[in-house]
Amino acid sequence: MEQKLDAASYGIVMVTAASRDEAETIAKNLVASKLAACVSIMPIRSIYTWQGQVHNEEEWQLLIKTDLAFFETLEAKIRELHSYEVPEIIALPIVTGSAPYLGWISEQVKG
């Protein structure tokens with residue numbers, strides 16, 4: 001019988017980066033250090049307030065597939081590599097997912 005994985009222990013961590021190079025550096029480091037199974041990177045436009053000014057900037061969105069049990073270690077690694085004073089680092093739980101895919105995340109992420 002196939003082992004039932006708890007989807008809620010897995011998640012997507014969202015991070016924005018200032019440049020494609022920074023996004024790729026963070027992504028490669030997270031995957032190489034077994035903190036992420038996969039990182040998808042997309043160009044986006046963000047409108048936000050920072051230090052009293054409204055900004056309208058191109059950024060790069062990282063969607064990091066991971067085991068949320070390692071969130072604190074993942075967050076520390078992102079902060080170490082990131083150029084922003086206050087980077088976006090937010091986790092969204094996976095409510096449900098394909099058992100083979102969740103199993104693959106589990107095999108890849110070792111923290």
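Below or above, wherever it landed, is the structure these notes cover. This is a predicted model, so every value here is computed, not measured. (Residues numbered from 1 in each chain as written. Predicted model: local features only at pLDDT ≥ 70, side-chain atom pairs only at ≥ 80, totals over all residues. Heavy atoms only, no water.)

Moving on: the side chain of Ser46. For Ser46, the position within the fold is in strand S2 (residues 38–50). Take Ser46: its relative accessible area is 13%, and that puts it in the buried class. One polar contact links Ser46 to Glu59, side chain to side chain, over a distance of 2.5 Å. The residues contacting Ser46, other than those within four sequence positions of it, are His55, Asn56, Glu57 and Glu59. (Helix = DSSP H or I, 4+ residues; strand = E, 2+ residues; numbered from the N terminus. Buried < 20%, exposed > 50% of the residue type's maximum accessible area, 1.4 Å probe, protein only. Polar contact = N/O pair within 3.5 Å; in protein donor to acceptor, adjacent residues only side chain to side chain. Contact = heavy atoms within 4.5 Å.)

This part covers the packing of aromatic side chains. Under the counting rule described, the total for this entry stands at one aromatic pair. Geometrically, the ring pair formed by Tyr101 and Trp104 is tilted, given 5.5 Å between the ring centres and 40° between the ring planes. Taken together, the residues Tyr101 and Trp104, both in helix H3 (residues 99–108) and three residues apart, mark about one turn of the helix. Owing to a relative accessible area of 35%, Tyr101 belongs among the partly exposed residues under this scheme. (Phe/Tyr/Trp six-rings, centres within 6.5 Å; stacked < 30°, edge-to-face > 60°.)

For H3, the complete set of buried residues consists of Leu102, Gly103 and Ile105. Taken end-on, H3 shows its buried residues confined to a sector of 155°, consistent with a single buried face. Seen from the open side of H3, the exposed residues pointing more than 90 degrees away from its buried face are Pro100 and Glu107. Buried residues along H3 sit against strand S1 (10–17) and strand S3 (53–67). (Arc of directions from axis to C-beta.)

To continue, consider the layout of surface pockets. Roughly 220 Å³ of volume is contained in the largest pocket. Lining the largest pocket are Thr16, Tyr48, Thr49, Trp50, His55, Glu59, Tyr84, Glu85, Val86, Pro87 and Glu88. Those elements that provide at least two residues to the lining of the largest pocket are S2 and S3. Among the elements that line the lining of the largest pocket, the one with the most residues is S2, at three residues. (1 Å grid on protein atoms, 1.4 Å probe; cavity = no way out; pocket = protein on both sides within 12 Å on 5 of 7 lines; lining within 4 Å. Points joined across faces, edges and corners; volume = space filled by probe spheres on them.)

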